[in-house]
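What follows is the residue order along each chain.
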Amino acid sequence: CDDAAVRVFTLSDGALECALVVNLPGASPIVCVDIRGDEVAGGGGDITQAIGGFRVWDLSTRQLLAARLGHAKAVTSIEIVERGLWSASADGSARLWMAGLPHLQISLQSACCLPHARAVTSLRACRDVAVTACEDCAVRVWRLPPMLEQLLGWVLAPERVLLHDYISEAVALRGNLLVCGGA
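Residues numbered from 1 in each chain as written. Predicted model: local features only at pLDDT ≥ 70, side-chain atom pairs only at ≥ 80, totals over all residues. Heavy atoms only, no water.

### Some words on the pairing of strand β5 (residues 51-58)
- Most of β5 is tucked away, with seven of its eight residues classed as buried.
- As paired elements, β5 and strand β6 (residues 63-71) share seven bridges and run antiparallel to each other. Across the sheet, the residue bridging to Phe-54 is Arg-68, located in β6.
- Between the end of β5 and the start of β6, which pair antiparallel, lie four residues, with Arg-62 showing a positive phi angle near 65°. (Buried < 20%, exposed > 50% of the residue type's maximum accessible area, 1.4 Å probe, protein only. Helix = DSSP H or I, 4+ residues; strand = E, 2+ residues; numbered from the N terminus. Pairing = 2+ DSSP bridges.)

### Overview of the packing of aromatic side chains
- Going through the model one piece at a time under the given rule, you end up with one aromatic pair.
- Between Phe-54 and Trp-97 the ring centres are 5.3 Å apart and the planes differ by 65°, which places this aromatic pair in the edge-to-face class. Here Phe-54, found in strand β5, pairs with Trp-97, found in strand β9 (residues 94-98); they are 43 residues apart in sequence, far enough to count as distant.
- What makes Phe-54 buried here is its relative accessible area of 5%. (Phe/Tyr/Trp six-rings, centres within 6.5 Å; stacked < 30°, edge-to-face > 60°.)

### A look at the environment of Arg-7
- Turning to its location among the elements, Arg-7 is positioned in strand β1 (residues 5-9).
- Each C-alpha atom of the pair Arg-7 and Val-21 lies 8.6 Å from the other, and the pair is 14 residues apart in sequence.

### Considering the pattern of salt bridges
- Following the criterion strictly, the structure yields four salt bridges and no others.
- Ionic pairing is found between Glu-79 and Arg-124, a salt bridge with its closest N-O pair at 3.8 Å. Pair noted here: Glu-79 is in strand β7 (residues 75-81) and Arg-124 is in strand β11 (residues 120-126), with a separation of 45 residues, a long-range link.
- Judged by its relative accessible area of 13%, Glu-79 falls in the buried class.
- Looking at Arg-124, the relative accessible area reads 30%, which means it is partly exposed.
- Asp-136 is paired through a salt bridge with Arg-140; the nearest N and O atoms lie 2.9 Å apart.
- With relative accessibility at 22%, the residue Asp-136 sits in the partly exposed group. (Salt bridge = Lys/Arg side-chain N within 4 Å of Asp/Glu carboxyl O.)

### With respect to the environment of Ile-167
- Tracing the chain through its elements places Ile-167 in the loop between β14 (160-163) and β15 (168-174).
- Separated by 29 residues in the primary sequence, Ile-167 and Ala-138 place their C-alpha atoms 7.4 Å from one another.

### Some points on the sheet that holds β11
- Reading across from one edge, β11-β12-β13-β14 is the order of the four strands in this open sheet, with antiparallel pairing throughout. Of all the strands in the sheet, the pair left with one neighbour each is β11 and β14. Taken over all neighbouring pairs, the strand axes of this sheet differ in orientation by 15° on average, direction set aside.
- Sheet topology note: the β11/strand β12 (residues 129-134) ladder contains six bridges and is antiparallel. Across the sheet, the residue bridging to Leu-123 is Thr-132, located in β12. (Axes fitted to C-alpha atoms, helices over the stretch in contact; angles between N-to-C directions.)

### Examining the environment of Ile-80
- Position of Ile-80 among the secondary structure elements: in strand β7.
- Under the relative-accessibility criterion, Ile-80 is labelled buried at 5%.
- As for Ile-80 and Arg-36, which are separated by 44 residues in sequence, their C-alpha atoms are 6.3 Å apart.
- Each residue touching Ile-80, except ones within four places of it in the same chain, is listed here: Asp-34, Ile-35, Arg-36, Glu-39, Val-40, Ala-41 and Leu-85. (Contact = heavy atoms within 4.5 Å.)

### Brief notes about the pairing of β7
- In terms of burial, β7 is largely enclosed, as six of its seven residues are buried.
- Pairing analysis gives six bridges linking β7 to strand β8 (residues 84-89), with the strands arranged antiparallel. Bridge pairing in β8 places Val-75 opposite Ser-89.
- The antiparallel hairpin formed by β7 and β8 contains two residues in its connecting segment.

Put into structure tokens, the structure is as follows:
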């Protein structure tokens, strides 16, 4: 289906719970999703307009809570976290959108010697750490300050860059463990 909808199914019987649709002209296809509590997010992009963004719905009311454009290319990874929502993009950036402050963001566009010159393929966050995987065969670990609100609008540099012989397509975090998978 290419109706730019996020579909929610009941796992026990496979029944369609709901289809969350944006009824806007030019709504872009959804390529990544996340769910946390009653919030459901979907990210994607419009190739013809070189723009990427995300949408967030309230699952209990089926209401659209937010629709944001903020990337120059499609959103490739999305994650709802306690402090807001992370989005990563084919434009080589990852952004934290603060809860309650939808117009402000912290950009994780790297300022180090190996910037995200290529698409960010995956992003995961856990408490004060964010991890991005990129098509440049690097996985970047970002240490986030406890008071993010003081750094709104800043560009942060990665704490650590892990280089691989392959493109990392996916990352996962659990405690002190980082898991990477690639092509």
